Amino acid sequence: MSYKPDEATLTSYLYDELSKEEHKKVKAYLAANSEAKKELMEIQSMQKFMGKFEDKEVTEPSFVFDNSPTVVVSRGKSSNYFIRSTIAVAASLSLLILVGYFTQLRISSGNDGLLLSFGNSDSEELNTSLNEEGIKSWMKETLAANNEDLLGRISEVESGFDAKTEQLRAANSGTKQLASYKIDQDIVDKYVSQITQENRDIILNLMEISGRNQKLYMDDMMQDFAKFMESQRQNDLEEIQGHLTSFVNSQEVNPVEDYRNSE
Amino acid sequence: MHAESLLDITMLHADTLISNAQKGEEKALNQLVSLWYKRIYNYVHKYCSDDDTAAEITQQTFIAMFRNIKKLKDIDRFKPWLYRIATNFCYEESRKQKRNRTVSLTVTKEDETEEQIEVGEAKGNFFNPERSFQQTEIEGILLSSLGELNEDQRTVVIMKEYEGLKFTEIAEALDASENTVKTRLYRGLKNLKGILERKNITRETVHYEL
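### Observations regarding the overall build of chain B
The number of helices and strands found in chain B is 10 helices and two strands. Listing every helix and strand of chain B by position from the N terminus yields α-α-α-α-α-β-β-α-α-α-α-α. Relative to all contacts within chain B whose residues are 6 or more apart in sequence, the contacts with residues 24 or more apart total 61%. Summing over all exposed atoms, chain B offers an accessible surface of approximately 10700 Å²; the carbon and sulfur share of this is 45%.

As structure tokens, this is what we get:
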């Protein structure tokens with residue numbers, strides 16, 4: 001089967017993009033086919049002719065890229081650029097002049113700089129009052145008012161703070177007094193000894209009271225005991241008496257045998 | 001034909017510039033315009049052969065570039081992507097011109113010795129007095145000849161012969177396979193040869209070297 005390269009292969013051959021093997025095959029094919037070879041050679045010649053078409057030199061315009069719907073492009077050189085830009089400038093100036101005429105625009109320059117004004121001349125009075133002195137006095141007034149306001153607020157806060165402090169003092173007067181009291185060692189010792197004395201007195205009183213009470217209690221107890229003993233003694237005596245009586249009685253009834261007799 | 005210049009090398013390594021442009025840096029965007037404006041203008045100019053139309057389309061291309069650059073995922077594809085945008089605008093302009101055209105470019109060859117070329121009013125002015133007449137004539141002939149190719153062939157011929165794009169880049173720009181691109185190019189060159197022969201532009205008549 002004879003080899004016939006397709007147009008894509010011939011293009012690759014033209015641009016020397018074939019592998020060595022493919023290149024050999026195409027070369028062999030062209031050697032065997034004069035028509036195909038002629039065609040290819042003519043194309044190669046034409047490519048050289050096409051190379052005479054040089055690039056045009058152009059100046060790129062500067063683009064302003066932003067996110068608005070249109071991108072602003074300032075065109076560079078163009079055949080009609082000068083005419084178009086002149087017309088545009090002239091149109092803009094005419095428009096400005098018209099606007100200025102209808103809005104009674106006035107432009108004046110003085111010591112303060114360039115002044116632009118619109119409408120009637122009453123506005124000039126307003127403009128003249130805005131001089132350096134006016135601004136300084138305005139600033140002073142503003143600062144003074146600001147300071148006054150600040151001072152008022154500070155005094156409010158202070159009085160509020162004082163009131164709060166008084167409340168707290170009233171609530172914690174003892175501890176406050178104690179806290180604020182300058183502690184003296186002698187006073188402390190005196191106080192401590194006073195407390196000690198008081199305590200001792202209390203204890204002594206307590207002991208005295210308790211001693212008295214105890215004594216009374218003991219007395220009562222002794223009396224009770226004595227009474228008890230007395231009563232017991234009495235009971236015992238009565239019992240003995242009883243027994244004796246019964247014994248006597250029994251002896252009278254049943255005389256006691258002389259045990260000697262029983263022997 | 002398309003020698004690699006310092007500018008070409010710069011363009012090849014413009015990754016940082018493109019990624020900065022994607023972030024919205026105006027400086028980077030303007031630098032991209034500076035790098036690519038001439039190339040895109042000349043590509044479009046060869047396609048539509050009119051200065052004002054070429055400027056308009058080139059401007060539209062860069063505006064579209066600004067609006068869509070963030071969508072470009074692979075920075076390496078910037079070149080074919082930009083050419084694709086320009087090509088689409090060229091196609092759009094062609095369709096508009098077809099609707100509005102009243103006079104078409106005609107090339108008449110009266111006999112073997114004499115040649116008459118009439119340039120239609122729909123096309124722009126080819127001739128710049130500052131340049132040599134011969135150069136201007138050659139450019140005019142080439143422009144008009146390219147204009148006679150169909151859209152697909154014209155695009156591929158200009159991209160390969162004048163813009164020096166690789167076949168892979170052309171394929172990507174035109175959303176076609178490499179084989180298709182190569183086939184179109186071969187047929188385009190063959191047809192262009194036929195058009196030039198009809199204009200009596202051959203090796204013998206124009207004295208260009210083999």
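### Quick look at the packing of helix 5 (residues 78-100) of chain B against helix 7 (residues 151-162) of chain B
Residue and element names in this part refer to chain B. Where helix 5 meets helix 7, the axes come as close as 12 Å, and the angle between the chain directions of the two elements is 140°. For the pair helix 5 and helix 7, the crossing hand works out as right-handed. Two secondary-structure elements touch here, helix 5 through Tyr-83, Thr-87, Tyr-91, Ser-94 and Arg-95 and helix 7 through Glu-151, Asp-152, Thr-155 and Met-159. Counted by class, the contact of helix 5 with helix 7 contains three nonpolar, three polar and three charged residues.

### Some remarks on the confidence of the model for chain B
Counting all residues, the mean pLDDT for chain B is 82, and 76% of those residues have values of 70 or more. The ipTM for the predicted assembly is 0.77, set against a pTM of 0.54.

### Things to note about the confidence of the model for chain A
The predicted coordinates should not be examined in detail at positions where pLDDT is low. Taken as a whole, chain A shows an average pLDDT of 80; of its residues, 80% reach a score of 70 or greater. Confidence drops under a pLDDT of 50 for residues 258-263 of chain A, and excluding neighbours within four residues, the segment shows zero contacts in the predicted structure.

### Considering the interface of chain B and chain A
On the side of chain A, 45 residues touch chain B, which itself brings 51 residues to the contact. Between chain B and chain A lies a buried interface of about 4600 Å² when both sides are counted; carbon and sulfur atoms form 62% of it. The tally of links from chain B across to chain A stands at 14 residue pairs in polar contact (both at pLDDT 80 or more). For the side of chain B that touches chain A, the secondary-structure elements that each account for two or more residues are helix 3 (26-48), helix 4 (51-68), helix 6 (133-148), helix 7, helix 9 (178-198) and helix 10 (203-206) of chain B.

### Some details on the packing of helix 3 (residues 34-50) of chain A against helix 9 of chain B
Interhelical geometry of helix 3 of chain A versus helix 9 of chain B gives an angle of 75° and a closest axis separation of 10 Å. One way to sum up the angle between helix 3 of chain A and helix 9 of chain B is to call them roughly perpendicular. Touching A:Glu39, A:Leu40, A:Glu42, A:Ile43, A:Met46, A:Gln47, A:Phe49 and A:Met50 of helix 3 of chain A are B:Tyr186, B:Leu189, B:Lys190, B:Leu192, B:Lys193, B:Leu196 and B:Glu197, all from helix 9 of chain B. The class makeup of the residues in the contact of helix 3 of chain A with helix 9 of chain B is nine nonpolar, one polar and five charged.

### Quick notes on unusual backbone geometry
All names here are of chain B. Positive phi values are uncommon outside glycine, yet Ser-49 reaches one of about 50°. A positive phi angle, near 55°, is found at Asp-175, a position not held by glycine. Relative to the elements of secondary structure, Asp-175 occurs in the loop between helix 8 (167-174) and helix 9. When its relative accessible area of 64% is taken as the criterion, Asp-175 is described as exposed.

### Side note on helix 4 of chain B
Look at helix 4 of chain B: 25 Å from first C-alpha to last across 18 residues, which is about the 26 Å you get at 1.5 Å a residue. Between the side-chain oxygen at the start of helix 4 of chain B and the backbone nitrogen of B:Asp52 there is a gap of 3.4 Å, and the oxygen is on B:Asp50.

### Here's the deal with the nonpolar core
One finds B:Leu32, B:Trp36, B:Val44, B:Phe62, B:Met65, B:Phe78 and B:Leu189 to be the most contacted residues of the largest nonpolar core, which totals 79 residues. With 13 residues, helix 3 of chain B is the largest single contributor of residues to this core. Built from parts of two domains, this core gets at least three residues from each of domain 1 (1-103) and domain 2 (129-210) of chain B. Discounting residues that sit within four places of it in the chain, B:Phe62 has contacts with A:Phe63, A:Phe65, B:Leu32, B:Val33, B:Trp36, B:Tyr37, B:Ile40 and B:Leu82.

Here is what the cut-offs are and how they apply
Residues numbered from 1 in each chain as written. Chains lettered and ligands numbered in written order. Predicted model: local features only at pLDDT ≥ 70, side-chain atom pairs only at ≥ 80, totals over all residues. Heavy atoms only, no water. Helix = DSSP H or I, 4+ residues; strand = E, 2+ residues; numbered from the N terminus. Contact = heavy atoms within 4.5 Å. Areas by Shrake-Rupley, 256 points an atom, 1.4 Å probe, with all protein chains shown as cover. Axes fitted to C-alpha atoms, helices over the stretch in contact; angles between N-to-C directions. Left-handed = near helix turned anticlockwise from the far one by under 90°. Nonpolar A, V, L, I, M, F, W, Y, C, P; charged D, E, K, R; others polar. pLDDT = per-residue confidence, 0-100. Buried area = accessible area lost by both parts, 1.4 Å probe. Polar contact = N/O pair within 3.5 Å; in protein donor to acceptor, adjacent residues only side chain to side chain. Parallel < 35°, antiparallel > 145°, perpendicular 65-115°, else oblique. Buried < 20%, exposed > 50% of the residue type's maximum accessible area, 1.4 Å probe, protein only. Expected span 1.5 Å × (residues − 1). Core = buried A, V, L, I, M, F, W, Y, C linked by side-chain atoms within 4.5 Å. Domains from an automatic or database assignment.

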